[in-house]
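Fold and geometry: a report
Here is what each chain is made of, one letter per residue.
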2 protein chains.
Amino acid sequence: MADEAAVRAQAEAVRRLKQDKADPDEIAKEVAKLLEMKAQLGGDEGKHKFVLKTPKGTRDYSPKQMAIRERVFNVIITCFKRHGAEVIDTPVFELKETLTGKYGEDSKLIYDLKDQGGELLSLRYDLTVPFARYLAMNKITNIKRYHIAKVYRRDNPAMTRGRYREFYQCDFDIAGQFDPMIPDAECLKIVHEILSDLQLGDFLIKVNDRRILDGMFAVCGVPDSKFRTICSSVDKLDKMPWEEVRSEMVGEKGLSPEAADRIGEYVQLHGGLDLIERLLQDPKLSQNKLAKEGLGDMKLLFEYLTLFGITGKISFDLSLARGLDYYTGVIYEAVLLQQENDHVEEPVSVGSVAGGGRYDGLVGMFDPKGRKVPCVGVSIGIERIFSILEQRVEASEEKIRTTETQVLVASAQKKLLEERLKLISELWDAGIKAEVLYKKNPKLLNQLQYCEETGIPLVAIVGEQELKDGVIKLRDVATREEVNVRRESLVEEIRMRTSQP
Amino acid sequence: MADEAAVRAQAEAVRRLKQDKADPDEIAKEVAKLLEMKAQLGGDEGKHKFVLKTPKGTRDYSPKQMAIRERVFNVIITCFKRHGAEVIDTPVFELKETLTGKYGEDSKLIYDLKDQGGELLSLRYDLTVPFARYLAMNKITNIKRYHIAKVYRRDNPAMTRGRYREFYQCDFDIAGQFDPMIPDAECLKIVHEILSDLQLGDFLIKVNDRRILDGMFAVCGVPDSKFRTICSSVDKLDKMPWEEVRSEMVGEKGLSPEAADRIGEYVQLHGGLDLIERLLQDPKLSQNKLAKEGLGDMKLLFEYLTLFGITGKISFDLSLARGLDYYTGVIYEAVLLQQENDHVEEPVSVGSVAGGGRYDGLVGMFDPKGRKVPCVGVSIGIERIFSILEQRVEASEEKIRTTETQVLVASAQKKLLEERLKLISELWDAGIKAEVLYKKNPKLLNQLQYCEETGIPLVAIVGEQELKDGVIKLRDVATREEVNVRRESLVEEIRMRTSQP
């Protein structure tokens, strides 16, 4: 059997033969021997030699990260429930053809499963297409639901900025034929509530409408066939200056410079009701049926948002163009304006944290008779929010508890394991969150330290004398005060001392 | 354009030409025309022609199913937290090699992802192997955690019996070097608590130990090389009578009839502390080191279970053999004994609803230096529990609410949409769960019906006179009583009336 020393010796021998310009055949023979030894060595250690990691673009959540994640989910779910949403769930994968033709160019980012016989499957890319499939399959024409689940994109991960290949989406959607802009306004109210409740600092919700974009392209002289590609250029305006976007339109996409310049004038506009009114009077736009419809609805939307008192953080922005194919009306996207917390040394550059819009045609693509179910919804992007909150927690040195244990059952003397187990069993059965060290004879100091480390506020100490007296010593970890509590009152005492204020 | 009638006519023409044995060239031309027409037809309708379904062995969860699912999760999570567990999460897929060599014959059931360039990935098969990978990767030697997530097995689905290809596992595990059987006993206490809290009817937790099994095989004269395959035969005893298992051992697996008969005597034994004591005196078993160790620990386990007061539902059962390769000590499995609910017409045949055991070697398989971290854990199989509870809910005609909405904001007259939106916005901002119909002028009757259907207990009715008087009419849906409440007291009044008892 080869060991590492033997391999090194053989490598040295080969090196010397080469240095001495020995007979090539001899060198070849010794090299072969070296390679065989190396292979043997690899074979021996091979069983431990794989890479110990999670797949690219994914991560584990530690208990501390989970604690933060649950706080965020809690805010979001509370908001969704406040708005009367039901909840559904769908499988992590769909038939491949269910996803086909829904995402335009992004389809290349879909994870496919290996063909192992049977159906061809893909991991879900978002929660919207599975939702539409669910509606069509169950002939549901009317629902308000949320869905929180992981989605999968073979994108370039940028994990420090919260961009993963496996990430959560928190979706809220309203499906059904209703009077215009009422559900749409509620979606924006929800984004406003969640971003306010999460206290992430200042934010802005940009709003536009696919019909206004299309009308604008038409009156600017963009040929019908170029609407989609020009729209995807406009979508880059949040990352590129206008000049670059313009040269992409003219240079790469063959748009006339005049048309590009006309677009340039529009896409720099943003504002509120006043801008909408102005554009409704715009001699060109007001002649376009689609744009006029879109602007009319935008006006209605802003009236409702005024009633909700949230127009201060909403901007009608003609440069907002969102990539996905399936939008048909209002679209929106929320961005964080800055890092509010100064303690963070390197502020994370976070972009969009929520987005959505109206997609009235998607369910019809699944319905055998093409019956349409109008839908509008919003998706909250949690990972970026996690990144910010994680950094903030780290910077603040806030201690996050990862368990809810109320009391540790301990003993001061040896040979009391059985008494500890009897007591903890009583506490568990009474619904008290309790732990015990898995040692026969743990030292009291170690038991107290465990409480300090994990934030357990109380210790119930079993002792021989106390057992005789029918009491348990209850210690407050923070104040170090100890009192004897009658065993039959212990549960009540623990409850009282650990009840949330 | 082809329509179906034209295609049928063309097919008929081709049929006649063939029947008349016409010129082959002419037939070929007409066949080509037919194929083209068919293709056209397919192309027209193709966009709606895929199958509208979820992948084989998976399902969506409707809001009603989600409500049941959340009840079950709530019981389980409450129990895990009561025992001081932290929570973690891992990605839905792992590097393929992480799963390799952990599941024995069952490896063929693993879902692989398509090789799209980059790493080779597989969907997780359980939560235990990812947990072990997580411990080794983060050099954690001491943790008590739970993990609730979906796992994936390309098994034969039997969905009415709760067997799916995508299903939830709820795992609780204790990792660390501790005094024997204390964590193991806690795992069994947890199973006992959860199955009691879920009120699923009578249950039994079978317990055995890999070391007792191996010792038993040795003293019965099973050759070392056949331990595993004979073990998997024993594992079938819950579904097959002993005679069949015996003939599999002797016929297919080549075990001597004498050895099989000796096994047969042991595997029919089950009991409690008395049986353990008897086997500790068994002249053959007591000579086997492994069996003796296993029986000694089993005795200790039963002593702890006695302190927990749960031996009544625990059976030391020598026929329990669980399939997975990685167990090294105690193993257990909980089964429901019968359908307690008589209303269910066709009682679902449910088997195991929880299982687990000790796996002291698994983390070491991932550690570069093979360092071991002893682990013991339990996995609750939710899907079967869901099946039972779903059937029970259906049979009982219990009305399950799928939202938590406290109040519907309604109006009795037309033209009050804006007032409704203003009021609901106030309620949302005060944390009240409220809905409004997305209609400009909904009929009061429709609004009241919506409450009846969805279980909303209160209606806040906006009316012109009330607006002038600064009040809102609050209606109790169940009693139909109406009172005027001052607008500034409305939030308090709704809270009071809908607070949980």
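Given the structure is predicted, the values throughout are model-derived calculations rather than measurements.

Thresholds applied
Throughout this document, residue positions are counted from 1 along each chain, in the order its sequence is written. Chains carry letters and ligands carry numbers; both start at the beginning, A for chains and 1 for ligands, and go up in the order they are written. For a predicted model such as this one, the threshold for reporting local features is a pLDDT of at least 70, and the threshold for listing and counting side-chain atom pairs is 80 or more; totals across whole chains, interfaces and linings nevertheless cover every residue. Only hydrogens and water are removed before side-chain values are computed, so all heavy atoms of the structure are retained for them. Residue contacts are defined here by distance: any two heavy atoms, one from each residue, within 4.5 Å place the two residues in contact. By buried area we mean how much accessible surface two parts lose on assembly, using a 1.4 Å probe and totalling the loss over both. One side-chain nitrogen of Lys or Arg within 4 Å of one carboxyl oxygen of Asp or Glu is enough to make a salt bridge. As used in this structure description, the phrase polar contact means that two N or O atoms lie within 3.5 Å; if the pair is within protein, one of them must be able to donate a hydrogen and the other to accept it, and residues adjacent in sequence are counted only when both atoms belong to side chains. Counting from the N terminus, the helices are DSSP H or I runs at least four residues long and the strands are E runs at least two residues long. Three residue categories are used. Nonpolar comprises Ala, Val, Leu, Ile, Met, Phe, Trp, Tyr, Cys and Pro, charged comprises Asp, Glu, Lys and Arg, and polar comprises the others, including Gly. UniProt positions are given in the numbering used here, feature names are shortened, and annotations may be inferred rather than shown by experiment. Pairing of aromatic side chains requires ring centres within 6.5 Å, counting the rings of Phe and Tyr and the six-membered ring of Trp. Pairs whose planes differ by under 30 degrees are stacked, by over 60 edge-to-face, and all others tilted. Here the term buried applies to any residue with accessible area under 20% of the maximum for its type, exposed to any over 50%, and partly exposed to those in between, with areas from a 1.4 Å probe on protein chains only. For a lysine, the NZ atom is tested; for an arginine, the CZ atom; a charge sits over a ring if that atom is within 6 Å of the ring centre and within 35 degrees of the ring normal. Neither His nor the chain ends contribute to the count of charged residues, in which Lys and Arg are positive and Asp and Glu negative. Superposition of the copies was done by least squares, using only C-alpha atoms of residues whose pLDDT is at least 70 in both. Domain start and stop points were drawn from an automatic or database domain assignment. At least two DSSP bridges between two strands are required for those strands to pair. Definitions used throughout: a 1 Å grid over protein atoms alone; a cavity as a set of points that fits a 1.4 Å probe which cannot get out; a pocket as an open set with protein on both sides within 12 Å along at least five of seven lines; a lining residue as one with an atom within 4 Å of a point. Grid points are joined across faces, edges and corners, and a volume is the space filled by probe spheres set on the points.

1. Concerning the interface of chain A and chain B
Of the residues lining the interface, 94 residues belong to chain A; the matching set on chain B comes to 94 residues. Sorting the residues of chain A by area buried against chain B places A:Leu52, A:Trp428 and A:Tyr438 first, and these three jointly supply 10% of that buried surface. The tally of links between chain A and chain B comes to 16 salt bridges. With a shortest N-O distance of 3.0 Å, A:Lys81 and B:Glu404 are connected by a salt bridge. Linking chain A with chain B are 46 residue pairs in polar contact (both at pLDDT 80 or more). The element best represented in the side of chain A that touches chain B is helix α15 (residues 417-429) of chain A, accounting for eight residues. Broken down by class, the residue content of the side of chain A that touches chain B amounts to 42 nonpolar, 18 polar and 34 charged.

2. Examining the UniProt feature "binding site: L-histidine" (unreviewed entry) in chain A
Residues and elements named next belong to chain A. Mapped onto this numbering, the UniProt entry annotates "binding site: L-histidine" (unreviewed entry) at Asp126, Leu127, Thr128, Arg153, Gln169, Asp173, Arg322, Tyr326 and Tyr327. In this structure, Asp126 sits in the loop between β3 (121-123) and α5 (128-137). Side-chain polar atoms of Asp126 contact the side chain of Tyr103, separated by 2.6 Å. Summarising the element assignment, Tyr326 is placed in the loop between β8 (314-317) and β9 (330-336). Once residues within four sequence positions are removed from consideration, Tyr326 is found in contact with Lys102, Tyr103, Asp126, Thr128, Val129, Arg358, Tyr359 and Leu362. Of the polar contacts made by the side chain of Tyr326, one reaches the side chain of Asp126; its length is 2.8 Å.

3. Regarding the packing of aromatic side chains
This structure, assessed with the given rule, holds 26 aromatic pairs over all chains. On the numbers, 6.2 Å between centres and 70° between planes, the contact of A:Phe73 with A:Phe386 is edge-to-face. Note that A:Phe73 is positioned in helix α3 (residues 63-82) and A:Phe386 in helix α14 (residues 382-396), a separation of 313 residues in sequence. Each member of the pair, A:Phe73 as well as A:Phe386, carries the same accessibility label: buried. Here the guanidinium or amino end of B:Arg145 rests over the ring plane of B:Phe131, the centre of that ring lying 4.0 Å away. In this structure, B:Arg153 packs its charged tip against the face of B:Tyr125, placed 4.0 Å from the ring centre.

4. A look at the side chain of A:Glu186
Position of A:Glu186 among the secondary structure elements: in helix α6 (residues 182-197). The side chain of A:Glu186 is buried and forms no salt bridge, while A:Lys144, the nearest opposite charge, is found at 4.5 Å. In contact with A:Glu186, not counting residues within four places along its chain, are A:His83, A:Ile174, A:Phe308, B:Trp428 and B:Tyr438.

5. Some remarks on the relation of the copies chain A and chain B
Superposition of chain A onto chain B requires a rotation of 179° combined with a translation of 0.2 Å along the rotation axis, giving an RMSD of 0.9 Å. Each copy turns onto its partner about a two-fold axis. Mapped onto chain B, 100% of the interface residues of chain A again fall at the interface, so both copies present the same surface.

6. Looking at the side chain of A:Arg210
Residues and elements named next belong to chain A. Among the secondary structure elements, Arg210 is positioned in helix α7 (residues 210-219). One buried charged side chain, Arg210, makes no salt bridge at all; its nearest oppositely charged neighbour is Asp214, positioned 5.9 Å away. Within the structure, Arg210 has its side chain in polar contact with the backbone oxygen of Tyr327 (distance 3.4 Å). Once you skip the residues sitting within four places of it in the chain, Arg210 turns out to touch Cys231, Ala321, Arg322, Gly323, Leu324, Asp325, Tyr327, Thr328, Gly329 and Ile331.

7. Let's talk about the domain arrangement of chain A
Taken domain by domain, chain A holds domain 1 (1-41), domain 2 (63-339 + 346-395) and domain 3 (407-499). Taking only C-alpha atoms, the centre of domain 1 of chain A and the centre of domain 3 of chain A are 66 Å apart.

8. Focus: unusual backbone geometry
Located in the positive-phi region is A:Gln199, a residue other than glycine, with phi close to 50°. Tracing the chain through its elements places A:Gln199 in the loop between α6 and β6 (203-209). A positive phi angle is found at B:Lys415, which is not glycine, with a value near 60°. Its location among the elements puts B:Lys415 in the loop between β12 (407-411) and α15 (417-429). By relative accessible area, B:Lys415 is classed as exposed at 77%.

9. Here's the deal with the pairing of strand β4 (residues 143-152) of chain A
Residue and element names in this part refer to chain A. Counting buried positions along β4 yields nine of 10 residues, so the element is predominantly enclosed. Here two bridges tie strand β1 (residues 86-87) to β4, and the two strands are oriented parallel to one another. When the sheet's bridge partners are listed, Val87 is paired in β4 with Tyr146. Pairing analysis gives 10 bridges linking β4 to strand β5 (residues 166-175), with the strands arranged antiparallel. Looking across to β5, one finds that Tyr152 is bridged to Glu166.

10. Some words on the environment of B:Ile27
Residues and elements named next belong to chain B. Locating Ile27 in the fold gives a position in helix α2 (residues 24-46). In this structure Ile27 comes out as buried when scored by relative accessible area, which is 14%. Along the sequence, Ile27 and Phe172 sit 145 residues apart, while their C-alpha atoms lie 70 Å from each other. When residues no more than four places from it in sequence are discounted, the contact partners of Ile27 are Leu17, Lys18 and Ala22.

11. Considering empty space enclosed by the protein
Residue and element names in this part refer to chain B. Using the criterion set out here, one finds three cavities of 30 Å³ or more in the structure. If you add up the space inside the largest cavity, you get close to 40 Å³. Arg59, Tyr61, Lys150, Tyr164, Glu166, Phe167, Tyr168 and Glu383 together form the lining of the largest cavity. Ranked by residue count, the leading element in the lining of the largest cavity is strand β5 (residues 166-175), at three residues.

12. Some words on the pairing of strand β8 (residues 314-317) of chain B
Residue and element names in this part refer to chain B. Burial along β8 is two-sided: Ile314 and Phe316 and Ser315 and Asp317, pointing in opposite directions, are all buried. Looking at chain direction, strand β6 (residues 203-209) and β8 are connected through three bridges and run parallel. What sits directly across from Lys206, in β8, is Ser315. As judged from the two bridges shared by strand β7 (residues 270-271) and β8, these two strands associate in the antiparallel manner. By the bridge assignment, His270 is partnered in β8 with Asp317.

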